[in-house]
Amino acid sequence: MPRSALPIPPSGLAARVGTPEGHDPVQFYLAEGTRLRGVIESLLPVDWTWDAKTVLDFGCGSARVMRHFEPEARRGEFWGCDIDQASIEWDSANLSPPFRFFSNGAAPPLAQAAGSFDLIWATSVFTHIGDLWSDWLAEMHRLLAPGAILIASFLGEGMWEALAGEPYREDEIGMSVMHHWEGTDAWVFHSEWWLREHWGRAFAVIDVRQPPRADDGSTQITHSYIALRRREVIVSKDLLERIDGDQTRELAGLQTSLRLAYKELAELAGRPALPGNQHLERAVRLARRLGGTARERLAR
């Protein structure tokens with residue numbers, strides 16, 4: 001069956017992962033899926049073959065990316081999962097076979113056995129996982145076979161200024177969450193150094209793909225991507241979250257997170273933004289009231 005013959009989801013499901021203003025939801029769904037297939041392929045090893053591979057699209061939605069792998073799905077085994085039941089029901093009714101689908105909850109584990117997959121990709125997924133990030137990353141490690149690959153998008157330099165409203169400074173950003181109260185619609189940012197430091201404990205970094213730059217040095221407003229290979233190590237939440245690297249950058253990243261959180265609290269309360277470092281100063285005072293300074297948290 002040619003790719004063009006695959007059913008198209010209703011516009012509401014097509015638009016679920018976001019459609020830029022002024023774009024047709026279905027046309028953007030198709031175009032973005034094509035683009036993301038290209039990104040995934042470009043991050044795979046040069047000797048990669050799809051034959052007999054078992055693949056998982058973690059957070060597949062209405063199969064925006066998967067649908068563009070229809071020929072490959074007839075040579076291997078392609079699975080998709082998502083927390084959105086309506087998307088999975090539509091996928092199962094319209095795209096299976098050749099693809100297979102199942103629902104997942106907000107927290108791991110998945111039902112699949114350890115070592116089930118040769119490749120997992122997660123586009124626009126870890127960009128929205130805040131408190132449970134280490135649980136889900138450990139689950140990706142469990143699900144992957146020895147030497148298997150994880151590809152994930154992340155909100156880095158290309159999205160920081162557009163969403164956080166301030167210049168991007170790599171050494172002052174670690175992992176930061178904005179709109180935490182929105183749950184799976186929260187914005188979760190990562191710097192490259194932080195991913196290499198924390199995710200790199202479970203995975204060897206193959207490649208990091210940053211957004212292209214314009215002649216003036218500005219970055220395109222889009223996601224960044226990281227490709228990783230499973231390490232043969234015992235992975236735990238403590239291993240992934242532990243702070244034992246460059247504590248200067250870790251502290252600066254934590255301070256940035258506190259400052260942004262306090263700024264959001266002020267905005268929610270209808271109060272004006274504070275100039276300079278006053279957000280940081282108030283955030284540190286708030287941290288003390290909650291049971292520890294930023295430096296005390298780093299020492300734990």
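Remember, predicted model here, so these are calculated numbers, not experimental data.

Attention now moves to the sheet that holds strand β2 (residues 77-82). Reading across the sheet, the 7 strands line up as β3-β2-β1-β4-β5-β9-β8 and stay open at both edges, with mixed pairing between neighbours. Two strands bound the open sheet, and with one partner strand each, they are β3 (100-103) and β8 (203-209). Ignoring which end each strand starts from, the neighbouring axes of this sheet average 20° apart. Taken together, the 5 bridges between strand β1 (residues 54-58) and β2 define a ladder with parallel strand orientation. What sits directly across from Leu56, in β2, is Trp79. Relative to strand β5 (residues 144-154), helix α5 (residues 133-143) is tilted by about 145°, and along the sheet it contacts β1, β4 (117-122), β5, β8 and β9 (224-230).

Here we come to the packing of aromatic side chains. Each aromatic ring pair is specified by the distance between its two centres and by the angle formed by the two planes. All chains considered together, the criterion is met by 15 aromatic pairs. Between Phe58 and Trp136 the ring centres are 4.9 Å apart and the planes differ by 45°, which places this aromatic pair in the tilted class. With a gap of 78 residues between them, Phe58 in strand β1 and Trp136 in helix α5 connect regions that are remote in the sequence. The pair formed by Phe58 and Trp136 is uniform in burial state, with each residue classed as buried. A cation sits over an aromatic face here: Arg37 above Phe69, 4.6 Å from the ring centre. Directly above the aromatic system of Trp48 lies the positively charged group of Lys53, at a separation of 4.7 Å from the ring centroid.

The element β1 is extensively covered by neighbouring structure, given that 5 of its 5 residues are classed as buried. Residues Thr54, Leu56 and Phe58 line one face of β1 and the alternating positions Val55 and Asp57 line the opposite face, and both faces are buried.

Inspection of the entire model under this criterion finds 21 salt bridges. Between Asp82 and Arg16 there is a salt bridge, with the nearest N and O atoms lying 3.2 Å from each other. With Asp82 in strand β2 and Arg16 in the loop between α1 (11-14) and α2 (25-43), this pair connects stretches of sequence that are 66 residues apart. Owing to a relative accessible area of 4%, Asp82 belongs among the buried residues under this scheme. A salt bridge links Glu232 to Arg230, with the shortest nitrogen-to-oxygen separation between them at 2.7 Å. Each of Glu197, Arg201, Asp238, Arg242 and Asp244 takes part in salt bridges that share partners, so that together they form one network.

The next point concerns a nonpolar patch on the surface. Taken together, the side chains of Trp181, Leu265 and Leu268 define a hydrophobic patch exposed on the protein surface, amounting to about 340 Å² of accessible area. Tracing the backbone shows Leu265 in helix α9 (residues 247-268).

With that out of the way, let us pick up helix α6 (residues 157-164). Taken together, the buried positions of α6 are occupied by Gly158, Met159, Trp160 and Ala164. Here the buried face of α6 lies against β6 (175-178), β7 (187-190) and α9. Once α6 ends, the next one or two residues include Gly165, with phi positive near 75°.

This part covers helix α4 (residues 85-94). For an α-helix, the turn length of 3.6 residues means that residues three or four places apart are oriented alike. Residues Ser87, Ile88, Trp90 and Asp91 constitute the buried set of α4. One side of α4 carries all its buried residues, which in axial view fall inside an arc of 165°. Elements that come into contact with the buried residues of α4 comprise α1, β2 and β3.

As a further point, take the environment of Tyr29. Turning to its location among the elements, Tyr29 is positioned in helix α2. For Tyr29 and Gly18, which are 11 residues apart along the polypeptide, the C-alpha to C-alpha distance reads 8.9 Å. Excluding residues within four positions of it along the chain, Tyr29 makes contact with Pro9, Ala14, Ser62, Ala63, Arg64 and Arg67. Only 2.6 Å separates the side chain of Tyr29 from the backbone oxygen of Ser62, close enough to count as a polar contact. Only 3.3 Å separates the side chain of Tyr29 from the side chain of Arg67, close enough to count as a polar contact.

Thresholds, definitions, all that
- Residues numbered from 1 in each chain as written.
- Predicted model: local features only at pLDDT ≥ 70, side-chain atom pairs only at ≥ 80, totals over all residues.
- Heavy atoms only, no water.
- Pairing = 2+ DSSP bridges.
- Helix = DSSP H or I, 4+ residues; strand = E, 2+ residues; numbered from the N terminus.
- Axes fitted to C-alpha atoms, helices over the stretch in contact; angles between N-to-C directions.
- Contact = heavy atoms within 4.5 Å.
- Phe/Tyr/Trp six-rings, centres within 6.5 Å; stacked < 30°, edge-to-face > 60°.
- Buried < 20%, exposed > 50% of the residue type's maximum accessible area, 1.4 Å probe, protein only.
- Lys NZ or Arg CZ within 6 Å of the ring centre and 35° of its normal.
- Salt bridge = Lys/Arg side-chain N within 4 Å of Asp/Glu carboxyl O.
- Patch = residues over 30% accessible without salt bridge, like charges linked within 9 Å, V, L, I, M, F, W, Y side chains within 5 Å.
- Areas by Shrake-Rupley, 256 points an atom, 1.4 Å probe, with all protein chains shown as cover.
- Arc of directions from axis to C-beta.
- Polar contact = N/O pair within 3.5 Å; in protein donor to acceptor, adjacent residues only side chain to side chain.

Geometric values such as these leave the question of function open.
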